[in-house]
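Chain by chain, the residues run as shown.
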Amino acid sequence: MNHNKNNKLFDVSEKIIIITGGSGNLGSIYAEHLVNEGALVYNLDIKEPKKNRTSSAKNYNFLQADLTKRNAINKALEEVVKTSGIPDALINNAALDSPPGDQAIINGRFEDYPEDAWDKVIEVNLKSIFLCCQIIGSSMSKNNNGGSIVNISSHYGIVSPDQRIYNYRKQEFNKPISYATSKSGVLNLTRYLSTYWGSKNIRVNTLTLGGVFDGQDEQFVNNYSSKVPLGRMATKEEYCGAIQFLISSASSYMTGANLILDGGWTAW
């Protein structure tokens, strides 16, 4: 009996969940997990998801949307509400990261960091969350059942990037200021909305994540892992449990909080 009760605590089956950036490396893992748990998942992303078992599941839907554009989010939400109803949860996962070797994003010295690169990262990492919360969150607030918003941040939103772990390359690399600044902005956006919508039973929490192993070169992985008490980077699947916790009734009294899963990086 207790076992069944505990299962219901974490139950997300038949919940209508919007996840932004659900076509990406991590977003697709979260979407797959939630689909397998029986949730009705809507992936809002500018790029198409990879064709796999998840993308063809009956409880998975892809809606193409530029998340920096109000009209695109409005249109996607209208489709969700028309097809399934008001969402129970919103996972703001979409973000521009700037890993070493990614030439699409400028990673040079702070003194030379271009204004348009700053604008691009802030727009995707912070403005898109603001817009999605404003549009989708306000729809949820009109629902008597309440809801849960999860804003995904990074440990670099709490502490500054340690540039030393990147500086073994011939080409200079700096984790850019726009990434760290945008991620720290997520923390207070979360706190603001948790107090603003508390009376509507809309819970808003930050999920702060550490680095994930994704085939990076050995030197970088060693450098990164040396700063983690658990001695390694995360696997892609290790964050799914926390996401399910935050959108389930297991976290029903949790709002305005920052749940940190970084292997202990920020503990020392």
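Here's a quick rundown of the structure. In this text the structure is predicted, and so the values were computed from the model without any measurement.

## Looking at the overall build of the chain
Then, number 1: Helix and strand counts for the chain stand at seven helices and seven strands.
Then, number 2: Starting at the N terminus and walking to the C terminus, you meet the elements of the chain as α-β-α-β-β-α-β-α-β-α-β-α-α-β.
Then, number 3: The C-alpha radius of gyration of the chain comes to 18 Å, within 12% of the 18 Å expected for a compact globule of 268 residues.
Then, number 4: Along the three orthogonal principal directions, the C-alpha set of the chain runs to about 55 × 45 × 40 Å.
Then, number 5: A total of 268 residues make up the chain; the buried ones form 48% of that total.
Then, number 6: Once local pairs closer than 6 in sequence are excluded, the contacts in the chain between residues at least 24 apart make up 72%.
Then, number 7: Element-wise, carbon and sulfur atoms account for 51% of the exposed surface of the chain, whose accessible area totals about 13,600 Å².
Then, number 8: The distance from the centre of the 27 positive side-chain charges to the centre of the 26 negative ones in the chain is 5 Å.

## Structural notes on a nonpolar patch on the surface
Then, number 1: On the surface, Phe110, Trp118 and Ile177 cluster together into a nonpolar patch covering about 300 Å² of accessible area.
Then, number 2: With respect to the helices, strands and loops of the structure, Ile177 is situated in helix α5 (residues 177-196).
Then, number 3: Taking the relative accessible area as the measure of exposure, Ile177 reaches 37% and is therefore partly exposed.

## So, the sheet that holds strand β3 (residues 60-64)
Then, number 1: Read across the sheet, seven strands follow the order β3-β2-β1-β4-β5-β6-β7 without closing on themselves; strand pairing throughout is parallel. If you trace the sheet from one side to the other, it starts and ends with β3 and β7 (258-261), each paired once. On average, each strand axis in the sheet is inclined to that of its neighbour by 20 degrees, with strand direction left out of account.
Then, number 2: Strand direction decides the pairing type here: strand β1 (residues 16-20) and strand β2 (residues 40-45), joined by five bridges, are parallel. Looking at the pairing, Ile16 lines up with Leu40 of β2.
Then, number 3: Those strands touched by helix α4 (residues 115-141) are β1, β2, β4 (89-92), β5 (147-154) and β6 (202-209), and its axis lies near 175 degrees from that of β4.
Then, number 4: Contacting β5, β6 and β7, α5 runs over the sheet at an angle of about 155 degrees to β5.

## Observations regarding α4
Counting along an α-helix, one turn takes 3.6 residues, and residues three or four places apart therefore face a common direction.
Then, number 1: With 27 residues, α4 should cover 39 Å at 1.5 Å per step; its first-to-last C-alpha distance of 36 Å lies within 8% of that length.
Then, number 2: Remark: the principal bend of α4, roughly 40 degrees, maps to Glu123.

## A closer look at the packing of aromatic side chains
Pairs of aromatic rings are described using the distance from one ring centre to the other and the angle between the two planes.
Then, number 1: Per the counting criterion, the structure on display carries seven aromatic pairs.
Then, number 2: Their ring planes at 40 degrees and their centres at 6.5 Å tell us that Phe10 and Phe245 sit as a pair that is tilted. Of the two residues, Phe10 is situated in the loop between α1 (2-9) and β1 and Phe245 in helix α7 (residues 240-247); the sequence distance between them amounts to 235 residues.
Then, number 3: Taking relative accessible area as the criterion, Phe10 reaches 37% and is therefore assigned partly exposed.
Then, number 4: With 4.6 Å between their ring centres and 35 degrees between their planes, Tyr224 and Trp265 make a pair best called tilted. Placement of Tyr224 in helix α6 (residues 218-225) and of Trp265 in the segment after β7 is noted, with a sequence separation of 41 residues between them.
Then, number 5: Within the aromatic cluster, the residues linked to one another by ring pairs are Tyr156, Tyr166, Phe220, Tyr224 and Trp265.
Then, number 6: When the ring centre of Trp265 is taken as origin, the NZ or CZ atom of Lys227, which lies over that ring, is 5.1 Å away.

## Re the pattern of salt bridges
Then, number 1: Under the criterion given, the structure shown has eight salt bridges.
Then, number 2: A salt bridge links Asp214 to Lys236; the shortest N-O distance between them is 3.1 Å. Remark: Lys236 occurs in the loop between α6 and α7 and Asp214 occurs in the loop between β6 and α6; sequence separation between them is 22 residues.
Then, number 3: Look at Lys236 and you get partly exposed, because its relative accessible area is 22%.
Then, number 4: Among the charged side chains, a salt-bridge network with shared partners connects Asp162, Arg164 and Lys227.

## Things to note about the environment of Pro161
Then, number 1: Mapped onto the elements of the fold, Pro161 is located in the loop between β5 and α5.
Then, number 2: Residue classification places Pro161 among the buried positions, given a relative accessible area of 9%.
Then, number 3: For the pair Pro161 and Asn174, spaced 13 residues apart in the sequence, the C-alpha separation amounts to 8.7 Å.
Then, number 4: Setting aside residues up to four positions removed in sequence, Pro161 forms contacts with Tyr156, Lys175 and Ala180.

## Quick notes on unusual backbone geometry
Then, number 1: Phi at Glu14 is positive, roughly 70 degrees, even though this residue is not glycine.
Then, number 2: Its place among the elements puts Glu14 in the loop between α1 and β1.
Then, number 3: In this structure Glu14 comes out as exposed when scored by relative accessible area, which is 72%.
Then, number 4: Its identity as a non-glycine residue notwithstanding, Asn201 has a phi of 60 degrees, on the positive side.
Then, number 5: Within the fold, Asn201 resides in the loop between α5 and β6.
Then, number 6: Judged by relative accessible area, Asn201 falls into the partly exposed class, the value being 43%.

Calculation notes
- Residues numbered from 1 in each chain as written.
- Predicted model: local features only at pLDDT ≥ 70, side-chain atom pairs only at ≥ 80, totals over all residues.
- Heavy atoms only, no water.
- Helix = DSSP H or I, 4+ residues; strand = E, 2+ residues; numbered from the N terminus.
- Rg over C-alpha atoms; globule rule 2.2 N^0.38 Å.
- Buried < 20%, exposed > 50% of the residue type's maximum accessible area, 1.4 Å probe, protein only.
- Contact = heavy atoms within 4.5 Å.
- Areas by Shrake-Rupley, 256 points an atom, 1.4 Å probe, with all protein chains shown as cover.
- Lys, Arg positive; Asp, Glu negative; His and termini not counted.
- Charge placed at Lys NZ, Arg CZ, Asp CG, Glu CD.
- Patch = residues over 30% accessible without salt bridge, like charges linked within 9 Å, V, L, I, M, F, W, Y side chains within 5 Å.
- Salt bridge = Lys/Arg side-chain N within 4 Å of Asp/Glu carboxyl O.
- Pairing = 2+ DSSP bridges.
- Axes fitted to C-alpha atoms, helices over the stretch in contact; angles between N-to-C directions.
- Expected span 1.5 Å × (residues − 1).
- Bend = angle between axes of the 7 residues up to and from the residue.
- Phe/Tyr/Trp six-rings, centres within 6.5 Å; stacked < 30°, edge-to-face > 60°.
- Lys NZ or Arg CZ within 6 Å of the ring centre and 35° of its normal.

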